[in-house]
Amino acid sequence: MTLQLVDTPLGPAPAWPTPRAGGWNPALNDAIYPAAGLEPTLERLAKPAALVVTTGQQPGWLTGPLYTIHKALSARALARLLERRWNRPVVPVFWVAGDDHDFAEASTASWIGTDGLVMTDSLPPRAPDAPLTPMYREPVPADVAERLAALAQAFPASEARDQTIGWLARHYRAGASMAAAFGGAIAELLAPLGIVCLDSAHPSVKRAAAPLILESIRRSDALSRILTERAAGLEREGIDTAVSVGGGATLAFLEGAAGRDRIVRDAAGLLTRRGQERLSDADLERIVRDEPERLSPNVLLRPVVEAAVLPTVAYLAGPAELRYLALAGALYAPLGVIGQLPEPRWSGAIVEPKVSRALEKFGVSLPDLLDPKVDLESRIAQAGLPASLTEAFATLRAGIETGYERVSAEISRVDPTLERTAAGARGNALNGLAELEKRVTQAQKRKESESIAQISRARAVVLPRGEPQERVLAVVSFLGRYGFAMIEELAAHVDSWYANALEGGPKTV
């Protein structure tokens, strides 16, 4: 494999978590997505002292952005280090958040096409007044076969392409739910690496989580005050959690006619925000007993539920998650839950050989390619200009600066009020020269169009649409060209990164 993997750390350094009492709840076994190669991991998970490291993501179309895989491999890397350090089983668990209902986020996938440009497939949007259907009920589109056929056209005919399309077709099938498709696909991809994928919308997980969700509803006023105080403290520290608290909203959702509906409190009691369904204490107790699948936690309560349901010691998170997890940390003690340590996931970019060749050809550094503020296209165009012309522009600019300095000095002796006029004339002269240089550069860009196109295509792979690669491209963009072996290579790199960050150097784990 000839891929170059480049680290782009998120900022905070990982830290060692603290062990806790272990023990996996065997009632959750049915919630684990089955996949070939998972048996040895399940045996370790069944041991009495087993602990877990978690991460998770909302199900996405064609497995969603690349950082989904980065999160899973980060959990694996930390779990392997902890298992060796503590001499007890520590298993990475990926929480498939099938309860989430953000269809806009989940319905798009992007990859690099044969022309080197970003291609995107988006599912038809929901109507504004449509029920907020969670992903475990949202169906895969009926035209999925046609969409996969279109995706296949983005890759050259190869075993890697056939392997990737076949893998997706086994899971993203008409009639399946988005959560089932996503969970099954990543489970097949990650099981050989020892990663367990857990269906958070499975009845067994719902039953285990329901009592804590009920407790959070009953204590919503007190928890709201705690969160409001914590949010204010974080704001004073300059941390924007981007999560609203207070306003009568509880930390729970209830599925009903309007879909996944937030439970709120008003002067008369509890009700759902969209559907306006009134809820008494007896109603909630009945739902917990008979219909726990209708309840789900919000983004702040979810990590608390994970820590209550799973023997987890750490959660691998992205930058936005790390911010709101700082707020969610205020909930653990009041709810009597042992908290897990928020940890930064690995962040990086995959650099393909054609990108490396383009960089070498034009003498461009990877940091410059990754920096959206660097205008490489203009730099390449200017590099192709005759040295004599570049020198002439520099000489003229220096002459304007020097000449106007002398003129301004003489003018000040004649009439100081004209100094501003002289400064304006100097500015106009320099602006005119800059405009001329810009036009020359544009003309040179047209002459260097093929070279510039190569750099633009290289940038599209590592910084698509000016955003980090991991937030735009799906893993299929690379699986379709390099096959599943690239996941093993990426996993080894992430292992080494965490070993270096936590133990001071690469280790064989």
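Residues numbered from 1 in each chain as written. Predicted model: local features only at pLDDT ≥ 70, side-chain atom pairs only at ≥ 80, totals over all residues. Heavy atoms only, no water.

## Looking at the nonpolar core
Working step 1: Val-53 and Tyr-172 are the most contacted members of the largest nonpolar core, which has 143 residues in total.
Working step 2: Discounting chain neighbours no more than four positions away, the residues touching Tyr-172 are Gly-60, Trp-61, Leu-62, Thr-63, Val-140, Val-144, Leu-148, Ala-181, Phe-182 and Ala-185. (Core = buried A, V, L, I, M, F, W, Y, C linked by side-chain atoms within 4.5 Å. Buried < 20%, exposed > 50% of the residue type's maximum accessible area, 1.4 Å probe, protein only. Contact = heavy atoms within 4.5 Å.)

## Here's the deal with helix α13 (residues 353-362)
Working step 1: Within α13, burial applies to Pro-353, Val-355, Ala-358 and Leu-359.
Working step 2: In the stretch just after α13, Gly-363 is the one whose phi turns positive, near 65 degrees. (Helix = DSSP H or I, 4+ residues; strand = E, 2+ residues; numbered from the N terminus.)

## Points about the pattern of salt bridges
Should the charged atoms of two oppositely charged side chains come close, the side chains can pair.
Working step 1: Summed over the entire model, instances satisfying the criterion amount to 24 salt bridges.
Working step 2: Ionic pairing is found between Asp-99 and Lys-206, a salt bridge with its closest N-O pair at 2.7 Å. Here the residue Asp-99 occupies a position in the loop between β3 (90-96) and α3 (103-106), and Lys-206 occupies one in helix α7 (residues 203-218), the gap between them amounting to 107 residues. For the pair formed by Asp-99 and Lys-206, the shared burial category is buried.
Working step 3: The shortest N-O distance in the salt bridge between Glu-291 and Arg-294 comes to 3.4 Å.
Working step 4: A residue is classified by how much of its surface remains accessible, and Arg-294, at 14% relative accessible area, is buried. (Salt bridge = Lys/Arg side-chain N within 4 Å of Asp/Glu carboxyl O.)

## Brief notes about the packing of aromatic side chains
Working step 1: Counting across every chain of the model gives four aromatic pairs.
Working step 2: Arranged with centres 5.5 Å apart and planes meeting at 90 degrees, the rings of Trp-61 and Tyr-172 form a pair that is edge-to-face. Taken as a pair, Trp-61 in the loop between β2 (51-57) and α2 (67-86) and Tyr-172 in the loop between α5 (159-171) and α6 (178-190) lie far apart in primary sequence, 111 residues in all. A single burial state applies to Trp-61 and to Tyr-172, both of which are buried.
Working step 3: Both rings, one in Trp-497 and one in Tyr-498, keep their centres 4.9 Å apart while their planes meet at 85 degrees; by these two values the pair is edge-to-face. Taken individually, Trp-497 and Tyr-498 each receive the classification buried, so the pair is uniform in this respect.
Working step 4: Over the ring of Trp-16 we find Arg-85, and its NZ or CZ is 3.9 Å from the ring centre.
Working step 5: Over the ring of Phe-253 we find Arg-260, and its NZ or CZ is 4.0 Å from the ring centre. (Phe/Tyr/Trp six-rings, centres within 6.5 Å; stacked < 30°, edge-to-face > 60°. Lys NZ or Arg CZ within 6 Å of the ring centre and 35° of its normal.)

## Let's talk about the packing of helix α10 (residues 302-309) against helix α11 (residues 319-328)
Working step 1: It is the contact of α10 with α11, at a shortest axis distance of 9 Å, that shows an interaxial angle of 70 degrees. Looking at the two axes, α10 sits roughly perpendicular to α11. On α11, the residues that touch Arg-302, Pro-303 and Val-304 of α10 are Glu-321, Tyr-324, Leu-325 and Ala-328. (Axes fitted to C-alpha atoms, helices over the stretch in contact; angles between N-to-C directions. Parallel < 35°, antiparallel > 145°, perpendicular 65-115°, else oblique.)

## Observations concerning the side chain of Gln-58
Working step 1: Relative to the helices and strands, Gln-58 resides in the loop between β2 and α2.
Working step 2: Residue Gln-58 is classed as buried on the basis of its relative accessible area of 8%.
Working step 3: A distance of 2.9 Å separates a polar side-chain atom of Gln-58 from the backbone oxygen of Asp-102.
Working step 4: Setting aside its immediate chain neighbours within four residues, Gln-58 contacts Ala-97, Asp-100, His-101, Asp-102, Glu-105, Ala-106, Met-135 and Phe-182. (Polar contact = N/O pair within 3.5 Å; in protein donor to acceptor, adjacent residues only side chain to side chain.)

## Observations concerning the sheet that holds strand β7 (residues 249-256)
Working step 1: A sheet is described by the order of its strands in space; here five strands give the open sequence β10-β9-β8-β7-β11, paired in antiparallel fashion. Two strands lie at the open edges of the sheet, namely β10 (278-279) and β11 (295-297), each paired on one side alone.
Working step 2: In this structure, strand β9 (residues 269-272) lies alongside β10, joined through two bridges in antiparallel fashion. Looking at the pairing, Leu-271 lines up with Arg-278 of β10. (Pairing = 2+ DSSP bridges.)

## Side note on the sheet that holds strand β13 (residues 341-344)
Working step 1: Pairing within the open sheet is parallel, and its five strands lie in the order β6-β3-β2-β12-β13. Edge positions in the sheet fall to β6 (196-199) and β13, since each has one partner strand and no second. Ignoring which end each strand starts from, the neighbouring axes of this sheet average 30 degrees apart.
Working step 2: With four bridges joining them, β3 and β6 adopt parallel strand pairing. In the strand pairing of β6, Trp-95 is matched with Leu-198.
Working step 3: Contacts between α6 and the sheet are confined to β2, β3 and β6, with β3 contributing the most and set at about 155 degrees to the helix.

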